[in-house]
Amino acid sequence: MDRLGSAQRVLVIGHASPDGDAIGSVAGLVLILRRRGKAAMGCIADGVPWFYRPLLEKDLIHTPESLGEFRFDTVVTVDSSDLARLGDAQVLLCGEAPDIVLDHHQTNQGFGRLNYCDPHSPATALIVYEIAKALVAIDEELAQILLLGIATDTGFFKYGNTDHRVLEVATELVKRGASLQRIASAVLENKTPNGLKLLARMLEIVTLAADGKVAYGWVSAAMLAETGCTEQEAEGFVGEVRALHGVEVALLFVESPPGEVHVSLRSKSHVDVSEIALALGGGGHPRAAGCLLKVPGIHDAIGTVVPLAIRAVR
Ligand code: AMP
Ligand code: MN
Ligand code: MN
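Here's a quick rundown of the structure. (Residues numbered from 1 in each chain as written. Chains lettered and ligands numbered in written order. Predicted model: local features only at pLDDT ≥ 70, side-chain atom pairs only at ≥ 80, totals over all residues. Heavy atoms only, no water.)

This brings us to the site of ligand 1. Taken together, the neighbourhood of ligand 1 is formed by 16 residues, with His105, His262, Ser264, Arg266 and Gly290 sitting nearest. One of the side-chain nitrogen or oxygen atoms of His285 is found 3.3 Å away from an oxygen atom of ligand 1. Bound to the protein, ligand 1 loses 86% of the 480 Å² it would expose on its own. Broken down by element, the shell around ligand 1 gets its largest block of residues, 5 residues, from strand 12 (residues 288–294). Considering only residue class, the shell around ligand 1 consists of 4 nonpolar, 9 polar and 3 charged. (Near = heavy atom within 4 Å. Polar contact = N/O pair within 3.5 Å; in protein donor to acceptor, adjacent residues only side chain to side chain. Areas by Shrake-Rupley, 256 points an atom, 1.4 Å probe, with all protein chains shown as cover. Helix = DSSP H or I, 4+ residues; strand = E, 2+ residues; numbered from the N terminus. Nonpolar A, V, L, I, M, F, W, Y, C, P; charged D, E, K, R; others polar.)

Structure, rendered in structure tokens:
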């Protein structure tokens, strides 16, 4: 908090392929800092996916290319467990460590000069909420942005990280004008017809292993091309695989671009999938983790990760 207080011009960076928590935490912190009279700008390598955009003001989050001449004396990263997760935004650091790292992944590598990581926090946006409470009055705009991060990282208040505290903070944000319905509608009800076709193809090839305790599906670069989709449209597919009766570990492999496979790992009750992801160079939480594999083809990634999942459920 003191380090933030002494900063004058702050760049806030979230992870690439952003989710609602990365977007909510970046935008929330930028708003707080601006309301404290500082110059602040958010940056996310891949920009903000279109369906989140109606939920936030235009000038809060840029791509590294659209940042222009913004000069900064302090860099804060949010919701990123390691430097590589920042994607192309890493270049803005010019090889130096970020000044402040704010995060909630138990696999956080402590890559900042100052590191604040609370693995018990259900969302980084909840940490940003605490900062907001200490520094500014939380108005409707800020409440909406923070609720976006909290709602998405708790699966709209149904994952195991949903405790009474999260529900209390959500209640507080709704009292201040945030609308859960707006967030749910933007995030959950903006699927494209092509995305539905892609889902149908993925569901058709879901494969079970370890007596049904492991289930996995995949989206190859060819499937994306054939259905006219980007990898963004596969967001949430892993949840469909986890929903299967009897499954403990669910995996989704998404190949985009060819040669790169993003692996999403989920578990239902006891397997710590962040250990598997960490061993493969990624990270995450006990019940939700991910990693990026550079492999010749998607079946190489499947062949690497599925045996690790099978071993974990035995
Ligand atoms: P995802 O499967 O992409 O929804 O990600 C699930 C969780 O794992 C999130 O908490 C992510 O922040 C984390 N995660 C995903 N991909 C990576 C990665 N390449 N490196 C580190 N953490 C990741
Ligand atoms: Mn995230
Ligand atoms: Mn998060």
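It is worth spelling out the sheet that holds strand 9 (residues 249–255) at this point. Sheet strands pair via backbone hydrogen bonds, and the direction of the pair is either parallel or antiparallel. The strand order 7-8-9-10-12-11 describes an open sheet built from 6 strands, whose pairing is mixed. Each edge of the sheet is formed by a strand with only one pairing partner; in this case those strands are strand 7 (207–209) and strand 11 (283–284). Sheet topology note: the strand 11/strand 12 ladder contains 2 bridges and is antiparallel. Of the residues in strand 12, the one forming a bridge with Gly283 is Gly290. Of the strands in this sheet, strand 7, strand 8 (214–219), strand 9, strand 10 (260–267) and strand 12 are in contact with helix 11 (residues 298–313), which crosses strand 9 at around 170 degrees. (Pairing = 2+ DSSP bridges. Contact = heavy atoms within 4.5 Å. Axes fitted to C-alpha atoms, helices over the stretch in contact; angles between N-to-C directions.)

Glancing now at the coordination of the manganese ion (ligand 3). Within the first shell, the manganese ion (ligand 3) binds the protein through Asp21 (OD), Asp79 (OD), His104 (NE2) and Asp153 (OD), at distances of 2.1 to 2.2 Å. The motif formed by the donor residues of the manganese ion (ligand 3), counted along the single chain, is D-x57-D-x24-H-x48-D. A separation of 3.7 Å is found between the manganese ion (ligand 3) and the manganese ion (ligand 2), which are bridged by Asp79. Taken as a pair, Asp21 in helix 2 (residues 20–35) and Asp79 in the loop between strand 4 (74–78) and strand 5 (100–103) lie far apart in primary sequence, 58 residues in all. (Donors = N, O, S within 2.8 Å, 3.2 Å for Na, K, Ca; no water.)

The next thing to look at is the environment of Val313. Relative to the elements of secondary structure, Val313 occurs in helix 11. Residue classification places Val313 among the buried positions, given a relative accessible area of 10%. For the pair Val313 and Ile298, spaced 15 residues apart in sequence, the C-alpha separation works out to 23 Å. (Buried < 20%, exposed > 50% of the residue type's maximum accessible area, 1.4 Å probe, protein only.)

Take the packing of aromatic side chains next. Following the criterion strictly, the structure yields 5 aromatic pairs and no others. Judged by centre distance (5.7 Å) and plane angle (90 degrees), the rings of Trp50 and Phe51 are edge-to-face. Of the aromatic side chains, those joined through ring pairs into one cluster are Trp50, Phe51 and Tyr52. (Phe/Tyr/Trp six-rings, centres within 6.5 Å; stacked < 30°, edge-to-face > 60°.)

It is worth spelling out the pattern of salt bridges at this point. Scanning the model with the defined rule gives 12 salt bridges in all. Arg71 is paired through a salt bridge with Glu69; the nearest N and O atoms lie 3.5 Å apart. Judged on exposure class, the residue Arg71 and its partner Glu69 are both exposed. Residue Asp99 pairs with Arg113 through a salt bridge whose shortest N-O separation is 3.4 Å. In this pair, Asp99 sits in the loop between strand 4 and strand 5 while Arg113 sits in the loop between strand 5 and strand 6 (114–117), placing the two residues 14 residues apart along the sequence. By relative accessible area, which is 12% here, Asp99 ends up buried. Among the charged side chains, a network of salt bridges with common partners joins Arg3, Glu96, Asp99 and Arg113. (Salt bridge = Lys/Arg side-chain N within 4 Å of Asp/Glu carboxyl O.)

What follows is about the side chain of Asn108. Relative to the helices and strands, Asn108 resides in the loop between strand 5 and strand 6. Of the polar contacts made by the side chain of Asn108, one reaches the side chain of Asp103; its length is 2.8 Å. Not counting residues within four places of it along the chain, the set of residues in contact with Asn108 comprises Ser80, Ser81, Val101, Asp103 and Cys117.

So, about unusual backbone geometry. Note the cis peptide between Ser256 and Pro257, where omega equals -10 degrees. As for its placement among the helices and strands, Pro257 is situated in the loop between strand 9 and strand 10. In this structure, Ser17 is a non-glycine residue whose phi angle is positive, near 45 degrees. By the element assignment, Ser17 lies in the loop between strand 1 (9–14) and helix 2. A positive phi angle, close to 50 degrees, is found at Cys94, a residue other than glycine.

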